[in-house]
Structure formats: C-alpha cells, structure tokens
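# Descriptive structure summary
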Protein chains: 2
Amino acid sequence: MTNKIPDRASDAMMRRMPAYYRQLRDLEALGFIDLSSKDLARRMHLTDSQIRHDFNAFGGFGRRGRGYNVALLRRSIGDILDINRPHDIIIIGAGNVGKALAQYKGFAESGFQLKAIFDTNPELIGKKISGVKVLNVTTLSKYLAKAPTDIAIICTPADKAQALVAPLVAGGVKGIWNFAALDITAPPEVIVSNVHLTDSLMMLTFRMHEKEVLEQNKSWVSADVESKP
Amino acid sequence: MTNKIPDRASDAMMRRMPAYYRQLRDLEALGFIDLSSKDLARRMHLTDSQIRHDFNAFGGFGRRGRGYNVALLRRSIGDILDINRPHDIIIIGAGNVGKALAQYKGFAESGFQLKAIFDTNPELIGKKISGVKVLNVTTLSKYLAKAPTDIAIICTPADKAQALVAPLVAGGVKGIWNFAALDITAPPEVIVSNVHLTDSLMMLTFRMHEKEVLEQNKSWVSADVESKP
C-alpha cells in the first residue's frame, strides 16, 4: 500500500502485454502447462527480470519455484487487457484502409466483433463488406442508441475525422482507433489511439542506420530503463 | 566519452522521434522560427525535461536561452531518422492490406517511394495500383538485382511471409515491415518490424478499463521512467 501508484501504465509496458498474451495463447495451443519466466523471456527476447517486473505490477501470477501456469497466466493477462469478453466494433469510412481492416481476420479471433461499417458513398451504402452491412453515416447516432458499441475505428479522410468524435462519445463509445491522417482529440474519459503509418517507416529507417548515429553521438545517454540489459 | 552508450535507443524514445518530426514539420509549415522546449512539450503532451533528455541523447540541438530553431531541429531529427533522403520501397502481396498501403498518400510525402508491388495472382500481375505495376513475385530477385531497394513491406498470407526473407536479404533489403499474421525473423543486420494490428485494439481495451485495474492492484509499481511525471 505504500508503493507509489502511477496514474497509468507506461506505454512501453503496455505494449508488451498483448505480446505476452499472444505468446501464451500460442503456447497454450501447443499444449504447454507450465513455464518459467526464463523460458518466456527467451521466447520474447526480453530479460527474465523485465518479465517479473511487468507481472509484479499486476500482482504477480507466479508460484515460487514453479514458474507460471500457462493457461492461468493467459487468462490473467486477458483480464488485464479486458479481452476475455467480446467487444463490438464499428468502422467509419469504407475506403482502402477501412475495407482492409473490415476484412482483417485477426480481430474476430481476439473477440473484436465488427458489427457495422459507415460511409457517405451512396454506391457503398447497403452493400456488405466481409458480411457486414455498410450504413449511411447519417444514421450513426441512431445506430449507437440501439446498439451500444465499445470501440469505433475511424478511417475517413483527415478533414472528416474530428467531427465524428462528438456523436461517437455521445453514443457511448469508449475507445477510438483513428487511422485518419490527423490527430483527433476526445474528452479524457474516452481513449483515443491515433495511428501514424509513416511513423513506423521512420522508426524502421532509424533502426536501419542506428549504429552510425550511435557512433556519431558519443554523449549518448540511456533514455530509459528499457535500454538497459 | 565516459557515458554508457547503450546498444540501441529505447523503444519508447524511438517512438517519440517521428512524432517530434511531424510536429516540427507542421510548425515549420506554419512559419514558426524558434521554439522553447516548454512550448514543444505542451504541444506534444510530454514534459519539458523528457524532451531535453531525448534531444540530449543525440547531442543536444538547443541554444542556451534561445530554445530551438524549428527548421534546424526538424532537419536534425530528419537526419537521425534518416528521412532527409528518399527511400525506395516495395510491397509484396497485393491483397487488402497491400492495396491499402499502396494507396496510402502519407508515405510519398515523407520520401518513401513505392517502386513495385509483387503478387502471385495472375489477375493482378501486369495491372497497376496507384500507378505502380504489380509484378510476378517470381521476378523478385531479378528486380532487386536491377533496382536496389531499402525497404520491403510484406502483406502476404502468414504462411508465405518467412520464405520471402531470404530473397529479400540476398537482394540487399535492409528493413522489412511485416503485416503478415506471423512474426518473421531475419539476420541481425536486417531490421524487421512485425505488425500486430490486434495488439493495438488490446491496448485500447486495456486503457479503457485501466483505472479499474489500477485500483485492484495496489501493489502496482512504476514500470519505467516513462510513467513518472
């Protein structure tokens, strides 16, 4: 009770949680029963102590000397990620990105159920993508009133994205995944994840010439504990 | 010279670099000349000291008492990210995801030039997507020998992805962005970024019920310096 409780989990740690979950799901499917933190660390290219540290933040899960029970640990991390129950999702914008996400099979496997797609294009409205109907975006508020939805994925042009936040929030959406090429903002109780596809390419080119950069900058200092072995 | 130089930049810090770059590019376009780290921090929802810390890792950029010159800082971070020069990219797999990425406009704006798309589907081969020709994947090695390419984006089915690594690496590709639903591995000199779209949804649902989790786990401890104010 005397430990400092942060307002939120660090981004770095939070990024590792879904990776733990995937790894454990795979191991469970392969029939693994028990696992040491060392084994898990090796598979995840992390350190033993990093894994114990992450799990301790959520109260442990380990049994002294016996490591982790794979199924229990998978379930516990699923609880933390809140994916042991299904989540309804909607996609707004049935362009290239919206269509690709609508057809992505991995979401349903993890309990993310696409219930509706919204667009303004009369040629798309009424048609189906991956078995899900495309609805007129003017019916969004009416839809949300009838079908409470946790998560909305915005795939519209940049100039249409922010205007969608108010009806989504009023309709009870709690999380927004935004692929539009412009950061959107929402009230603090709604979680927004703004995607920047180009950032990933920039991080790739950075990593591709990182050694050169490091050699040029001898004054480099460790930026956070993640970079320590 | 006595500072400990880490082997690689932390993921958390590296994730911030493209965001700095985008912010500075926007500010430069708006005509900003100088900027204090405080101003930049406010715009980026980071702390002043976090920004100075990140920049110091690359040798500074600041002028005592005058803050940062926006254009210079944008250029310096562009150098670090290695995006002040163009990079050729190819996409392998012209399904939904490959098509969506081929049509994404943001890449060209940042100097990532799509030069070719590869697929196995005879109905697609010879056609164009976003003005770029779809080639037969059997010609991949021949293509790379003639047209050296930095970056390959893999958008194939999961079971086809790993087999592409050998010809890509032999062809001189230095970075692979993998959207196939299976982690691929490559020799250490080649950077691989495995994308897991479902992870982003899991992180969203985690954040959506994070307060509950934190209240249930009074033993929570700070996972890294990022979570400190």
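Cut-offs used in this document
Residues numbered from 1 in each chain as written. Chains lettered and ligands numbered in written order. Predicted model: local features only at pLDDT ≥ 70, side-chain atom pairs only at ≥ 80, totals over all residues. Heavy atoms only, no water. Helix = DSSP H or I, 4+ residues; strand = E, 2+ residues; numbered from the N terminus. Buried < 20%, exposed > 50% of the residue type's maximum accessible area, 1.4 Å probe, protein only. Areas by Shrake-Rupley, 256 points an atom, 1.4 Å probe, with all protein chains shown as cover. Axes fitted to C-alpha atoms, helices over the stretch in contact; angles between N-to-C directions. Left-handed = near helix turned anticlockwise from the far one by under 90°. Contact = heavy atoms within 4.5 Å. Nonpolar A, V, L, I, M, F, W, Y, C, P; charged D, E, K, R; others polar. Domains from an automatic or database assignment. Phe/Tyr/Trp six-rings, centres within 6.5 Å; stacked < 30°, edge-to-face > 60°. Pairing = 2+ DSSP bridges.

Turning our eyes to something else, we now look at the overall build of chain A. When helices and strands are counted, chain A shows 10 helices and nine strands. Taking all 229 residues of chain A together, the buried fraction comes to 49%. Carbon together with sulfur atoms contributes 52% to the accessible area of chain A, which is approximately 11200 Å² in total.

All right, on to the packing of helix α1 (residues 11-29) of chain B against helix α4 (residues 70-81) of chain B then. All names here are of chain B. Following both chains from N to C, one finds α1 and α4 inclined at 145°, their axes separated by 9 Å at the closest point. Here α1 and α4 pass one another in a crossing that is left-handed. Side by side, α1 and α4 meet where Met17, Pro18, Tyr20, Tyr21, Leu24, Arg25, Leu27 and Glu28 of the first sit next to Val70, Ala71, Leu73, Arg74, Ile77, Gly78, Ile80 and Leu81 of the second. In the contact of α1 with α4, the residues fall into 12 nonpolar, one polar and three charged.

It is worth spelling out the domain arrangement of chain A at this point. As assigned here, chain A comprises domain 1 (11-81) and domain 2 (87-199). For domain 1 of chain A and domain 2 of chain A, the distance between their C-alpha centroids amounts to 31 Å.

Backbone geometry places Asp82 of chain A, a non-glycine residue, at a positive phi of 65°. With respect to the helices and strands, Asp82 of chain A occurs in the loop between α4 (70-81) and β3 (87-92).

We now examine the packing of aromatic side chains. Residue and element names in this part refer to chain B. Across all of its chains, the model carries 12 aromatic pairs over all chains by this definition. On the numbers, 4.7 Å between centres and 55° between planes, the contact of Tyr104 with Phe107 is tilted. For the pair Tyr104 and Phe107, one class covers both residues: buried. Between Phe107 and Trp177, the aromatic rings sit 5.9 Å apart at their centres with planes inclined by 75°, giving edge-to-face as the arrangement. Taken together, the residues Phe107 in helix α6 (residues 106-109) and Trp177 in strand β8 (residues 175-178) connect sequence positions 70 residues apart. Like Trp177, Phe107 is buried.

Attention now goes to the pairing of strand β4 (residues 112-119) of chain B. All names here are of chain B. Extensive coverage of β4 is indicated by the burial of six of its eight residues. Note: strand β3 (residues 87-92) against β4, six bridges, orientation parallel. Counterpart to Ile92 in the pairing with β4 is Phe118. The pairing of β4 with strand β6 (residues 132-136) spans three bridges and is classified as parallel. By the bridge assignment, Asp119 is partnered in β6 with Asn136.

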